[in-house]
Amino acid sequence: MHRNIKILDCTLRDGGYVNNWRFSKFQISKITDSLEKSNIDIIELGYLNDKKGGKENSTLFDSISAIDNILSDVPNNFIKVVMVDLFAFDVGKLPPKNDTKIDGIRLAFHKKDVDDALLSAEKIIDLGYQLFFQPMVTKMYTDDEFLSLIEKANQLSIYAFYVVDSFGSMSLTEFKCYIDLADSHLNTGIQLGYHSHNNMQLAFSNAIDLCNSQLDRGVIVDSSIYGMGRGAGNLNTELIADYLNNQYG
């Protein structure tokens, strides 16, 4: 049974749709400390947005340096990532990875912007960051379009490729189809991620199916505390962590 499973907690980023990203430095410290003590593998600290970011006590940042300023109070025993929505932040402003405490960049983009996303991804990788490739509303891709995207992603040294259920509407059959296509065509060293929303209450059941799949690659499952996130919210961190504890120790 496959056990190379990581949890990525996105409370400080996706949860920001609930409170307009108004997390105080104290709250950021308490949340990351609790997640670190729970052995959560990856924590997403917020959004990079050079147009709207920059407020104090917020996880909407205008620069990497703004994130580094809060990390003195944050544990270091996990992978630290931040999300960039394509066109919301100029990746040319990113410092080299060696000049920051951030480990990875999650690049989110729509199908119509694939070519621009690939160019930005290459720049991010060249700077030394782990690149999480996030094709939003994945179910909008036909099988051929999805395979074409995978083929292009394979030409880059990305860290993780995602199936993203932006509207929480993927049935198990649809979900398994995208997972099978990705697993059978992605380069072996690329991890396979799942970002869910819970509009149809399918986030947990689809995540369980992925965790129980016998894949020959690393798996990353996104979640948030209490399922805090846009609209119907996300997979609950406490539920998927409890499932993995009980199932795999």
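Predicted, not measured: the structure shown is a model, and the values here were computed from it.

Scoring rules and cut-offs
- Residues numbered from 1 in each chain as written.
- Predicted model: local features only at pLDDT ≥ 70, side-chain atom pairs only at ≥ 80, totals over all residues.
- Heavy atoms only, no water.
- Helix = DSSP H or I, 4+ residues; strand = E, 2+ residues; numbered from the N terminus.
- Polar contact = N/O pair within 3.5 Å; in protein donor to acceptor, adjacent residues only side chain to side chain.
- Contact = heavy atoms within 4.5 Å.
- Axes fitted to C-alpha atoms, helices over the stretch in contact; angles between N-to-C directions.
- Left-handed = near helix turned anticlockwise from the far one by under 90°.
- Nonpolar A, V, L, I, M, F, W, Y, C, P; charged D, E, K, R; others polar.
- 1 Å grid on protein atoms, 1.4 Å probe; cavity = no way out; pocket = protein on both sides within 12 Å on 5 of 7 lines; lining within 4 Å.
- Points joined across faces, edges and corners; volume = space filled by probe spheres on them.
- Core = buried A, V, L, I, M, F, W, Y, C linked by side-chain atoms within 4.5 Å.
- Buried < 20%, exposed > 50% of the residue type's maximum accessible area, 1.4 Å probe, protein only.

Caption draft 1: Quick peek at the side chain of aspartate 222. Assignment of secondary structure puts aspartate 222 in strand β9 (residues 219-223). At 2.6 Å, the side chain of aspartate 222 and the side chain of tyrosine 162 are in polar contact. A polar side-chain atom of aspartate 222 sits 2.8 Å from a polar atom in the side chain of histidine 195. The residues contacting aspartate 222, other than those within four sequence positions of it, are Leu8, Arg106, Tyr162, Tyr194, His195, Ser196 and Leu235.

Caption draft 2: Examining the side chain of asparagine 234 more closely. Note that asparagine 234 resides in the loop between β9 and α9 (237-248). Of note is the side chain of asparagine 234, whose polar atom sits 3.0 Å from the side chain of aspartate 14. Excluding residues that lie within four positions of it along the chain, asparagine 234 makes contacts with Cys10, Asp14, His195, Ser196, His197, Asn198, Ser224, Gly227, Met228 and Gly229.

Caption draft 3: Broad picture of the packing of helix α6 (residues 143-154) against helix α7 (residues 172-185). The interhelical angle for the contact between α6 and α7, taken along N-to-C directions, is 35 degrees, at an axis separation of 10 Å. Between α6 and α7 the crossing geometry is right-handed. Here α6 contributes Asp143, Phe146, Leu147, Ile150 and Asn154 to the contact with α7, which in turn contributes Cys177, Tyr178, Leu181, Ala182 and His185. For the contact of α6 with α7, the residue count by class is seven nonpolar, two polar and one charged.

Caption draft 4: Structural view of the layout of surface pockets. Approximately 360 Å³ is the volume found for the largest pocket. Lining the largest pocket are 19 residues; nearest its centre among them are Tyr17, Met136, Ser166, His197 and Arg230. Where the lining of the largest pocket is concerned, the elements lending two or more residues are α1 (11-14) and β4 (79-85). Taken together, the residues of the lining of the largest pocket break down into eight nonpolar, seven polar and four charged. What lines the second largest pocket is a set of 12 residues, and nearest its centre among them are Ile5, Ile7, Ala241, Leu244 and Asn245. Those elements giving two or more residues to the lining of the second largest pocket turn out to be β1 (5-9) and α9. Within the lining of the second largest pocket, the residues separate by chemical class into six nonpolar, four polar and two charged.

Caption draft 5: Structural context of unusual backbone geometry. Positive phi values are uncommon outside glycine, yet asparagine 39 reaches one of about 65 degrees. Phi angles above zero are rare outside glycine, and tyrosine 226 is one such case at about 60 degrees. For tyrosine 226, the position within the fold is in the loop between β9 and α9.

Caption draft 6: Structural view of the packing of α7 against helix α8 (residues 203-212). One way to put it is that α7 packs onto α8 with a least axis distance of 10 Å and a crossing angle of 40 degrees. As α7 runs across α8, the sense of the crossing is right-handed. Counted together, Leu172, Phe175, Lys176 and Ile179 of α7 and Asn206, Asp209 and Leu210 of α8 form the full contact between these two elements.

Caption draft 7: Just the nonpolar core, in detail. Counting 69 residues, the largest nonpolar core has Phe133 and Phe161 as its most contacted members. Looking at this core, the element that brings in the most residues is helix α5 (residues 114-126), giving six residues. Beyond its immediate stretch of four places on either side in the chain, phenylalanine 161 contacts Phe133, Pro135, Phe146, Leu149, Ile150, Ala153, Leu186, Ile190, Gln191, Leu192 and Gly193. Formed by 11 residues, the second largest nonpolar core is a distinct cluster that contains Cys10, Val81, Val164 and Ile220.

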